[in-house]
Amino acid sequence: MGTKKVLVVGGTGYLGQHLLQGFSEIQGITPYELAFTYNSFPPRPLLDSFPGSLAFHVDLKAGAGFHFISHQFGKRDVVVNCTALSVPRACEKDPDAATSINVPTSLEEDEALPVNVYGKSKVAAERFISEKWTNFAILSSIIFGPRTVSPVPKSLPIQWIDSVLSKGDKVEFFYDEYRSPVYVKDVVAVIRTLIEKWLSEGKKMQLLLNVGGPDRVSHVQMAEAVAQIRGHDLSLIKPIYASSVDRGVMSPADISMDITKLVQSLNISPTPFKDGVKLTLASEANL
């Protein structure tokens, strides 16, 4: 099918870096030309790790920088949008920034495979994409997994839980908020599968998928899994009501996912949560 050009928007973020890693592992099998965008810091560690890829500075708030990509990289066959302002409190404090980053209006000239939009801006992004493009897949995920080549500013949940429990102090965790965390390499596998399916079949898709893990877990259950695997004292985990803590923003109690459509349409079975935690912690030990 010839070399295809893939642009990863937000390549310096957590998912973006893992996605670049995933593409680098199959470069000998499927011919891709890779480019990625960055905003907050020069991507030297990524360029060293993924030689042959191109990096472009883009300011999503201003919508600036994409014309350089068109000029230097050319027409993209696939755009994977991994950018998001995903911290709820930050979105509440700066809704304009949340909208400008999470709703991909500056990608209007491209066909896109967007990933990871959040909250109200997620709904707006889904509406915008559905109205503007005829070929897209929107993936909704809560991701965990190993660290990235280049550090990211946001806290990684499994690593954070392990760190606080290892100190031996009691830590509060919500027992009444449920999620379906998905191992990051499973998300990468889903994106790669969708890209390869679309490129090989040549059919347009209009797809909305929940890309979650197979387990519905509370924050307490997440902490318990880490403690059991690492041998931390379970009595350090203090279950509390989510409503007892003022986080400066409302948070939904249950955003666990039905992944039946994902499993059936792509024949992909995401990693069980405890197995993903084991893989994540094993990677930490090898650093």
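Structure's up top.
Below is a short write-up of the structure. (Residues numbered from 1 in each chain as written. Predicted model: local features only at pLDDT ≥ 70, side-chain atom pairs only at ≥ 80, totals over all residues. Heavy atoms only, no water.)

### Topic: the packing of helix α1 (residues 14–24) against helix α8 (residues 184–201)
Reasoning step 1: Running from N to C, α1 and α8 point in directions that differ by 60 degrees, and their axes come no closer than 9 Å. One finds that α1 runs oblique with respect to α8. Note on packing geometry: the crossing formed by α1 with α8 is right-handed. For the pair formed by α1 and α8, the contact residues are Y14, L15, H18, L19, G22 and F23 on the first element and V184, K185, V187, V188, I191, R192 and I195 on the second.
Reasoning step 2: Grouping the constituent residues of the contact of α1 with α8 by class yields nine nonpolar, two polar and two charged. (Axes fitted to C-alpha atoms, helices over the stretch in contact; angles between N-to-C directions. Helix = DSSP H or I, 4+ residues; strand = E, 2+ residues; numbered from the N terminus. Parallel < 35°, antiparallel > 145°, perpendicular 65-115°, else oblique. Left-handed = near helix turned anticlockwise from the far one by under 90°. Contact = heavy atoms within 4.5 Å. Nonpolar A, V, L, I, M, F, W, Y, C, P; charged D, E, K, R; others polar.)

### Here we look at the pattern of salt bridges
Reasoning step 1: Within this structure, the stated rule accounts for seven salt bridges.
Reasoning step 2: With a closest N to O distance of 3.1 Å, E177 and R179 form a salt bridge. Both residues of the pair, E177 and R179, count as buried.
Reasoning step 3: Between E201 and K197 there is a salt bridge, with the nearest N and O atoms lying 3.3 Å from each other. Taken as a pair, E201 and K197 lie in helix α8 at a separation of four residues, close to a single helical turn. (Salt bridge = Lys/Arg side-chain N within 4 Å of Asp/Glu carboxyl O. Buried < 20%, exposed > 50% of the residue type's maximum accessible area, 1.4 Å probe, protein only.)

### Side note on the packing of helix α7 (residues 157–166) against helix α9 (residues 219–230)
Reasoning step 1: As a packed pair, α7 and α9 sit with axes 10 Å apart at the nearest point and diverge in direction by 65 degrees. Along this stretch, α7 crosses α9, giving a crossing that reads as right-handed. Listed contacts from α9 to P157, I158, I161, D162 and L165 of α7 are M222, A223, V226, A227 and R230.
Reasoning step 2: Split by residue class, the contact of α7 with α9 holds eight nonpolar, no polar and two charged.

### A word on the environment of S180
Reasoning step 1: When you line up the elements, S180 lands in the loop between β9 (178–179) and β10 (182–183).
Reasoning step 2: Distance in space between the C-alpha atoms of S180 and I259 is 9.4 Å, their sequence separation being 79 residues.
Reasoning step 3: Setting aside residues up to four positions removed in sequence, S180 forms contacts with I142, G212, G213, D215, R216, S256 and M257.
Reasoning step 4: Polar contacts involving the side chain of S180 include one to the main-chain amide nitrogen of M257, which spans 2.8 Å. (Polar contact = N/O pair within 3.5 Å; in protein donor to acceptor, adjacent residues only side chain to side chain.)

These values are about where atoms sit, not about what they do.
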